[in-house]
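One-letter residues, chain by chain:
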There are 2 protein chains.
Amino acid sequence: MAKERVTVIDIARAAGVSKSTVSLVLQGSSLVNEATRAKVNAAIRELGYVYNRSAANLRQSKSKIIGIVVNDLTNSFFAELAVGVDAVVQSAGFVQFLANTGEKIERQREVIASMREHGVSGLIISPARGTEASDLTPLVESGIPVVLVVRDIAGAGVSSLTSDNHAGAVAAVRHLIERGHRRIAFLGGFADTAVFESRVRGYRDALLEAGLGPQSELVIGSAPSRAGGVTAIEQAMMLKERPTAALCFNDAVAFGVCDGLRARRLEPGADFAVIGFDDVIEAKTAVPALTTVSVDPQGMGERAAELLLKQIKAGRAEPEAIVSSVRLVVRQSCGAAAERRMKEVSS
Amino acid sequence: MAKERVTVIDIARAAGVSKSTVSLVLQGSSLVNEATRAKVNAAIRELGYVYNRSAANLRQSKSKIIGIVVNDLTNSFFAELAVGVDAVVQSAGFVQFLANTGEKIERQREVIASMREHGVSGLIISPARGTEASDLTPLVESGIPVVLVVRDIAGAGVSSLTSDNHAGAVAAVRHLIERGHRRIAFLGGFADTAVFESRVRGYRDALLEAGLGPQSELVIGSAPSRAGGVTAIEQAMMLKERPTAALCFNDAVAFGVCDGLRARRLEPGADFAVIGFDDVIEAKTAVPALTTVSVDPQGMGERAAELLLKQIKAGRAEPEAIVSSVRLVVRQSCGAAAERRMKEVSS
DNA sequence: CTGTTAGCGCATTCAA
DNA sequence: TTGAATGCGCTAACAG
């Protein structure tokens, strides 16, 4: 079965035409007689020909490959992002080359290098934590279009697409205020990240807007994890003036907050309102009675891919910074019928 | 910035050596003088040379690419599987080419074709639902090593790596019997799949082994979803002799069963034992008090990749069918500290 | 519409 | 150890 590789020349011979005719057929050119095309296609099928992209890419010094590198494929947000990218990339006739860095800068360097070696025509990157502008300089100087997603990198000089964390936090806090809450905590997250900063700023702005002052003692950082949520809510409940609601840095924290509330015999959603940014955990597994602020990962992937394709077509476009809007979704409790109604509250 | 592509010849000139010397350096050959190597590497860095894989692949008519095609990247099981594959593939000096089919046969055909065109040296496939042996015939006849994961395809003539569903079900049912349960239901899933069949068979075998007869009325199929779980448990509770425990086709069903129980004021885990095969939903978001039967996706990916690499090295190995063992994990409820103790009950 | 010719960038002989 | 020549399979001119 270890057949010799069959090439255009073989199928040309079999179909009684020349190489270039075959090549034209392969590219779907309209300059070729219908009958000839059929003969060629028959031969292709007959001999089990498979097109050799390496040769084609070499010749044309370009490929139809889009690279996407994500920092944590284990997080289904990024898996869905990749699926979104794939959808548009595919329908544009490109193929996707997906790599996972697992938050490791060194690995990120390797995969980007590998992608360049494979001649990708564009790159979508969700950078690993700690990536600096200088890490991307050689890449952008090579002229390959790049769009950053999820996390922006100042000074990198490329397009980026990020969630509007500030607007999302504002919307969430407004939502709580409308429901009558006055003491609202911000729980979880490490204060040294840009994401944390913009979420807290949105939280503060919404409070100020409602004349509720900056309730600084209610901003309680912690690890952005379920365990972190537990410690944060415990700390919040130690205050003499307890909050009645919390906006959580992410959904993992929110889950932990729910755990902590239940430990105190409080029912999340009923006795205490909990909203979390939906960063980590897939929406479909969310706990009942939890409200999340979330951006649609697939939609984000699609937009990123569209932006990238535009740049690829334009040749050399100016980088655009795009801020994707964050939607606030109120997720109702799963009832006996396991139905889940979602209502969009804010853009 | 639209520099000309720099090639080996450029860096050869810059380093004052010949093309082939550069080529040797690139491949880390030991046949080259240390000083020369340094000069070459300096020139490479200087000129920003990037290796052209297309050219190399063309020349050597082989690539260092491993393809992995999964049926649903949105499902974090498969995302983690891919991460596991990536880990070993990477350390063997290959790069991974990941594609998602979204359970669509047509798309699967396309991505496999695309991978062949790119000259992958091996393929790991989690086939889309409905894939037939004939869909893989051209691929396996081409001599490319293939290993199937998760779902096997009879008659495909390739290696495969699947969970031991039968053993998993047996272990789960034994676990329930040990805890005193006598009426145990099997809930959810469509009866026309091989996976369903082997799980139910394991369930039956374990009941027979304990002298509990084939409780056929307790096998209740449904959609393998959360909603399906709700309807299945409702149907089970209509029986005059109600079950006291259930093994669920998957975790989504198990979640639905928990929903249905709560609607009847029954506490899952306390009033009614629920075990689910952990197919769909990431373990870290599992509901408390739910016991799952799960296989480690990353470990499975690693084993698949090792198997594939072995075949690639061997040139043309006989297909092996490998049955990966399924672990039964008892997951304790998340308490106030959000701790989760896991105990391995069975292999 | 079809055939001919000439490389794309690289790895690999074979000599030197 | 290094340099010169050859061709991997394909596409892009151009000539028929």
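The model shown is predicted, which means the values in this text are computed figures rather than measured ones.

**Examining helix 2 (residues 19-26) of chain B**
All names here are of chain B.
Phase 1: All of the buried residues along helix 2 are Thr21, Val22 and Val25. Along the axis of helix 2, the buried positions cluster into a sector of 100°, meaning they face one direction only.
Phase 2: The secondary structure elements touched by the buried residues of helix 2 are helix 1 (8-15) and helix 3 (34-47).
Phase 3: Looking one or two residues past helix 2, Gly28 carries a phi angle of roughly 65°, positive in sign.

**A short note on the protein's contact with DNA strand C**
Phase 1: Close contacts around DNA strand C come from 25 residues, with Ser18 and Arg59 of chain A together with Tyr49, Tyr51 and Arg59 of chain B the closest.
Phase 2: At a separation of 3.5 Å, a phosphate oxygen of DNA strand C approaches a polar side-chain atom of Thr21 of chain A.
Phase 3: Ser23 of chain B is positioned such that a nitrogen or oxygen atom in its side chain is 2.8 Å from a phosphate oxygen of DNA strand C.
Phase 4: Per-element accounting of the surface near DNA strand C gives the leading share, four residues, to helix 4 (residues 53-60) of chain B.
Phase 5: Taken together, the residues of the surface near DNA strand C sort by class into nine nonpolar, eleven polar and five charged.

**Some words on the pairing of strand 1 (residues 65-70) of chain A**
All names here are of chain A.
Phase 1: Counting buried positions along strand 1 yields six of six residues, so the element is predominantly enclosed.
Phase 2: Side chains Ile65, Gly67 and Val69 project from strand 1 onto one buried face, and the interleaved Ile66, Ile68 and Val70 project onto a second face that is buried too.
Phase 3: Note that strand 1 and strand 2 (residues 95-100) share six bridges and pair parallel. By the bridge assignment for strand 2, Val70 is matched with Asn100.
Phase 4: With respect to chirality, the unit in which strand 1 leads through helix 5 (residues 76-91) into the neighbouring parallel strand 2 is right-handed.
Phase 5: Relative to strand 3 (residues 122-125), strand 1 runs parallel, the two being bridged by four bridges. Each bridged residue has a counterpart across the sheet, and for Val69 the counterpart in strand 3 is Ile125.

**Some points on the pairing of strand 5 (residues 159-163) of chain A**
Residues and elements named next belong to chain A.
Phase 1: Of all the five residues making up strand 5, five are buried; the element is thus mostly covered by neighbouring parts of the structure.
Phase 2: Neither face of strand 5 is open: one carries Ser159, Leu161 and Ser163, the other Ser160 and Thr162, and all of them are buried.
Phase 3: Sheet topology places strand 4 (residues 146-149) next to strand 5; three bridges connect them, and they run parallel. The partner of Leu148 across the bridge, within strand 5, is Ser160.
Phase 4: Sheet topology note: the strand 5/strand 11 (residues 321-324) ladder contains four bridges and is parallel. Across the sheet, residue Leu161 finds its bridge partner in strand 11, namely Ile322.

**Describing the sheet that holds strand 3 of chain A**
The strands that make up a sheet pair up through hydrogen bonds in the backbone, lying either parallel or antiparallel.
All names here are of chain A.
Phase 1: Pairing within the open sheet is parallel, and its six strands lie in the order 2-1-3-4-5-11. At either end of the open sheet lies a strand with only one pairing partner, and these are strand 2 and strand 11. Along the sheet, successive strands turn relative to each other by an average axial angle of 15°, direction set aside.

**Considering the protein's contact with DNA strand D**
Phase 1: The immediate surroundings of DNA strand D are formed by 25 residues, with Tyr49, Tyr51 and Arg59 of chain A together with Ser18 and Arg59 of chain B found nearest.
Phase 2: Each atom of DNA strand D within 4 Å of the protein was classed as base or backbone; sugar and phosphate made up 65%.
Phase 3: In the model, a phosphate oxygen of DNA strand D is placed 2.6 Å from a nitrogen or oxygen of the Val8 of chain A main chain.
Phase 4: One of the side-chain N or O atoms of Arg59 of chain A is found 2.3 Å from a base oxygen in DNA strand D.
Phase 5: Of all the secondary structure elements, the ones that give two or more residues to the surface near DNA strand D are helix 2 (19-26) and helix 4 (53-60) of chain A together with helix 2 and helix 4 of chain B.
Phase 6: Of all the elements, helix 4 of chain A adds the most residues to the surface near DNA strand D, at four residues.
Phase 7: Partitioning the surface near DNA strand D into residue classes produces nine nonpolar, eleven polar and five charged.

**Let's talk about the UniProt feature "domain: HTH lacI-type" (unreviewed entry) in chain A**
Phase 1: Residues annotated in UniProt with the feature "domain: HTH lacI-type" (unreviewed entry) correspond here to residues 6-60 of chain A.
Phase 2: The span residues 6-60 of chain A carries 69% helix and 0% strand; its end-to-end C-alpha distance comes to 21 Å.

**What to know about the pattern of salt bridges**
If charged atoms from side chains of opposite charge come close, those side chains can pair.
Phase 1: Across all of its chains, the model carries 28 salt bridges over all chains by this definition.
Phase 2: Across the pair Asp86 of chain B and Arg107 of chain A runs a salt bridge whose closest N-O atoms are separated by 3.5 Å. Placement of the pair is Asp86 of chain B in helix 5 (residues 76-91) and Arg107 of chain A in helix 6 (residues 105-117), with the two residues belonging to separate chains.
Phase 3: Note on Asp86 of chain B: relative accessible area 8%, which makes it buried.
Phase 4: Under the relative-accessibility criterion, Arg107 of chain A is labelled buried at 13%.
Phase 5: Among the ionic pairs, Arg13 of chain B bridges to Asp10 of chain B, the shortest N-O distance being 3.3 Å. On the criterion of helical spacing, the pair formed by Arg13 of chain B and Asp10 of chain B is a turn pair, its members being three residues apart in helix 1.
Phase 6: Look at Arg13 of chain B and you get exposed, because its relative accessible area is 61%.
Phase 7: Overall, Asp10 of chain B belongs to the partly exposed group, its relative accessible area being 23%.

**Concerning the packing of helix 2 of chain A against helix 3 (residues 34-47) of chain A**
All names here are of chain A.
Phase 1: Two elements in contact, helix 2 and helix 3, have axes whose closest approach is 10 Å; the angle formed by their N-to-C orientations is 90°. On the basis of the axis angle, helix 2 is roughly perpendicular to helix 3. Contacts between helix 2 and helix 3 involve Thr21, Val22, Val25 and Leu26 from the former and Thr36, Arg37, Val40, Asn41 and Ile44 from the latter.
Phase 2: For the contact of helix 2 with helix 3, the per-class residue count stands at five nonpolar, three polar and one charged.

**Details of empty space enclosed by the protein**
Phase 1: A complete count under the given rule lists four cavities of 30 Å³ or more for this structure.
Phase 2: Considered as a void within the structure, the largest cavity measures approximately 100 Å³ in volume.
Phase 3: Lining the largest cavity, in full, are Arg53, Ser54, Asn57, Ile65, Phe97 and His118 of chain A together with Arg53, Ser54, Asn57, Ile65, Phe97 and His118 of chain B.
Phase 4: Broken down by secondary-structure element, the contributors of at least two residues to the lining of the largest cavity are helix 4 of chain A together with helix 4 of chain B.

What counts and what doesn't
Residues numbered from 1 in each chain as written. Chains lettered and ligands numbered in written order. Predicted model: local features only at pLDDT ≥ 70, side-chain atom pairs only at ≥ 80, totals over all residues. Heavy atoms only, no water. Buried < 20%, exposed > 50% of the residue type's maximum accessible area, 1.4 Å probe, protein only. Helix = DSSP H or I, 4+ residues; strand = E, 2+ residues; numbered from the N terminus. Arc of directions from axis to C-beta. Contact = heavy atoms within 4.5 Å. Near = heavy atom within 4 Å. Polar contact = N/O pair within 3.5 Å; in protein donor to acceptor, adjacent residues only side chain to side chain. Nonpolar A, V, L, I, M, F, W, Y, C, P; charged D, E, K, R; others polar. Pairing = 2+ DSSP bridges. Right-handed = clockwise from strand over helix to strand, strands pointing away. Axes fitted to C-alpha atoms, helices over the stretch in contact; angles between N-to-C directions. UniProt positions renumbered as here; feature names shortened; annotations may be inferred. Salt bridge = Lys/Arg side-chain N within 4 Å of Asp/Glu carboxyl O. Parallel < 35°, antiparallel > 145°, perpendicular 65-115°, else oblique. 1 Å grid on protein atoms, 1.4 Å probe; cavity = no way out; pocket = protein on both sides within 12 Å on 5 of 7 lines; lining within 4 Å. Points joined across faces, edges and corners; volume = space filled by probe spheres on them.

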